[in-house]
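A look at the structure
Residue-level listing of the chains:
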Amino acid sequence: MAAKKLGKIGNTKVDGSFISDGFSNWKAGTEKFRKHDESECHKEAVERLVTLPATTRDVGEMLSAGHAKEKADNRKQLLQILRSIRFLARKGIALRGHDDDEGNFMQLLQHHGETDSSILAWLERKRDKFVAPDIQNEILQLMALRILRKVASDIKTNEFYTIMADETTDKSNRELVVVVFRHVDEDLNVHEDFVGFHQVNSIGATTLTSVIEDTLLRMNLSLSQCRGQCYDGASNMTGAKRGVATNILAKEERAVFTHCYGHALNLAVGDCVRQCKLLRDTMDTVHEVSKLIKYLPKRDSTLQTLKEEMSPDTPGFRVLCPTRWTVRAASLCSVLDNYTVLQTLWDTCYEQTKDSEIRSRIVGVRSQMERFDLFFGVHLGYIILRHTDNLSRTLQQKDMSASEGQAVASMTVETLTSKRSDDAFDKFWVDVNSKLDDVDVGEPVVPRRRKMPKRYDVGTGAHEYPATARDRSLQDLLVCCARGGDYATHLRSAMDFYRDDFNEQALTTQLETYQVAVRDKKVKTITDIVTFFRDLPPESRLFFSEVMRVLRHVLVMPATKRHQREVLLRPETPEDVPPDVYDTGETHPPHDAQRAQVCYRRNGLVRCSQ
C-alpha cells in the first residue's frame, strides 16, 4: 500500500485486496498471505521501500562524499609539498635549477613518491598541482611572514629587546643590511632572531636608521621598549653626531649603545700586530704561505704527499684568513707542526715552477723560513693569539651578555699580562731554542740599534676607549646586593636612568628579600645570579618579579652582534720602550746569544703582549 501511494510499483499484476480494496477472506488468509509474499508485486514493493534505501544513498549525498574525498587527497598532497618546501628552505637549498623538473624541489617530491605512489600520480596531473614557481615563492613568503609574526609576538611578550645590525655586500655587488633582535624570556633564556636582509642604495647613517625604524614599524614594535644597540665601530654606525646609534639614542635614550666586543677585540689584535714589526712580518709571511699553497691545487697535493712521507701524524696546514677572527692561532700552530715539511715543499715547488713571479715568491718565503726571526715570531704569535682567539669564540656565544663579556675579557688581559715577565720570557726563549735542532733555521741575530721614532713622541694624554657604562649600574646593583653590600647608590643610579621600567617600591622590597635568599648560596657573579633564578620554580620567580626584570635588562645587552670597555691589547707607548733600544751605536756582534735574548725580549714577547 505504501509503495503504491508513493508511485514506486510498476508491476501491472497488482492484487487490489492488499493495496486498495481491503482483505476479507480470513478463512484462506494463510494461503493468500503466502501467495502474496511470493508475488512480483510484493517483491518489487519491498525492494523499492526497504532494500534500496538501505544499500544506496541519495545522489546529492554521493556527490558530496566524492567532493570530501577529493578535498582530503588534495590536502594530503599540499601538506607534502609544504613540508618539502620547508625542508629545502630550512637547509638553505635552492628549490629550482635551469630545468624545473630536475630541480631539488621536484626531485624531493619524486623521492617521497617512491614510498607513496599517490604523490607520483599527483605530479602526473595536467593542472592544479601547486608546484609552479609562483606558488613556491608564495608559500615561502607565507612561511616567512608566519615566522616574523611569531618573532614579533615573542618580543612583545618578553617586553624589552636590543637591536643588532650590520651591513655587507653580496656577490652581485648590492649593499645589504642585516637586522637581528635580541630578547630574554621569563626563564632567562636569550634569543637572537634574524629578521631579514634589506637592500639599500646607500650605507649612510640616515638610510640605515630608516631601515631599522621601518623594520620596527612592520613588526609593530615600539622603540620605547628598546634597551640596547650593538653595532661595529664604523663611523656611519657609531658616529658621535650623525651615527645610527646617535640617531636612535635621540629618540630613546635608554637604548644603550654597545660597541661590538668582537669587533673591538679584532681591532685591538690587528693594531697589536701592526705595532710590532716582528709579528707584522710573521703574519705577512704566513699569509703568503697560505696563498702559495691553497691557490694552486697541485702545490697543495704536493704538500699532502710530503706530509704523509715526513710527518703523517701531525695535523694539516690551516689557511690564515685575514678577515676571520678565530683562525690566527690555529694557522700559526699548523705552520709550527709542519715547518720542516713546508721547507721541503719550497725546494720541490721551485724546481717544478716556470713562472718567474711565483719562483721569486717561493724564494722569498723560503729565505724567510730559514731566519730565526720568523721561527721566533710564529711561536710568539701562537702564544698570544691563542688567547685572543679563545676570547673571540667565547664572546660570539649567543648567551654571552655585555657584563659577562667584560669579565672574560678581563681574565684574558690578566693572562696576557702574566706573560710580560722576565721569568715567562726566559722559559719561552729556552723552549724556542730547544726546537732549533729539528728545523733548518739560523741562529738568532741581534738587529741594529736605532733611534726612537718621532711618532712615539705624542705626549702622555689619557687613552679613550669605547664604553658600555649604563648596564654596569644594573649589574653592580645585583652583584653588590648578592654579596651583602650597600647597594643604595647603584639602585638610585638605575632608577634615575630607567625611570618607568621598574617599580621602585617593589624593587626595593624584593632586593631586601633577594639579599637574604642568596646569603648562603655563594653568588658572586652575574652567571651565578642567572643560575640561581633559573633553578627557582616559576611560582618563586614571581616573588622576585622586579629583580628578574633587572636581570633581563642586563642579559638583553649583547657582547657581540653575532652578531669594549677596555682595550685588551693596547698599543705600545713611549713609557714601555727601554731607552737603550733606540740608542745610536754600532751593530751588536752576530751570534751573541745573551744579547740576542735581551733584544728579542724587548722587541718580542714583552712588547707584543701589551
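Residues numbered from 1 in each chain as written. Predicted model: local features only at pLDDT ≥ 70, side-chain atom pairs only at ≥ 80, totals over all residues. Heavy atoms only, no water.

**Some details on a negative patch on the surface**
On the surface, a cluster of negative charge is contributed by Asp 99, Asp 100, Asp 101 and Glu 102. Within the secondary structure, Asp 100 sits in the loop between helix H4 (59–90) and helix H5 (104–113). (Patch = residues over 30% accessible without salt bridge, like charges linked within 9 Å, V, L, I, M, F, W, Y side chains within 5 Å. Areas by Shrake-Rupley, 256 points an atom, 1.4 Å probe, with all protein chains shown as cover. Salt bridge = Lys/Arg side-chain N within 4 Å of Asp/Glu carboxyl O. Lys, Arg positive; Asp, Glu negative; His and termini not counted. Charge placed at Lys NZ, Arg CZ, Asp CG, Glu CD. Helix = DSSP H or I, 4+ residues; strand = E, 2+ residues; numbered from the N terminus.)

**A closer look at helix H16 (residues 356–369)**
Its 14 residues give H16 an end-to-end C-alpha distance of 20 Å, which sits within 8% of 20 Å, the value for a rise of 1.5 Å per residue. Taken residue by residue, H16 has Ile 358, Ile 362, Val 365 and Met 369 as its buried positions. For H16, the arc enclosing every buried residue in end-on projection is 65°, short of the 170-degree limit, so these residues lie on one face. Turned more than 90 degrees from where H16 packs its buried face, Ser 356 and Glu 357 sit exposed. Buried residues along H16 sit in contact with helix H12 (277–294), helix H13 (297–310), helix H15 (339–352) and helix H17 (372–395). (Expected span 1.5 Å × (residues − 1). Buried < 20%, exposed > 50% of the residue type's maximum accessible area, 1.4 Å probe, protein only. Arc of directions from axis to C-beta. Contact = heavy atoms within 4.5 Å.)

**Focus on the nonpolar core**
Trp 346, Tyr 514 and Phe 533 are the most contacted members of the largest nonpolar core, which totals 91 residues. No other element matches the 11 residues that H17 contributes to this core. Setting aside residues no more than four positions away along its own chain, Phe 533 makes contact with Leu 188, Tyr 514, Arg 541, Phe 544, Val 547, Met 548 and Leu 551. One finds Ala 165, Ala 205, Leu 223 and Ile 248 within the second-largest nonpolar core, a separate group that totals 27 residues. (Core = buried A, V, L, I, M, F, W, Y, C linked by side-chain atoms within 4.5 Å.)

**Here we look at the pairing of strand S4 (residues 226–231)**
For S4, the tally of buried residues reaches 6 of 6 residues, placing the bulk of the element in the interior. Here 4 bridges tie strand S1 (residues 161–169) to S4, and the two strands are oriented parallel to one another. From the neighbouring strand, Met 164 faces S4, where its bridge partner is Cys 230. (Pairing = 2+ DSSP bridges.)

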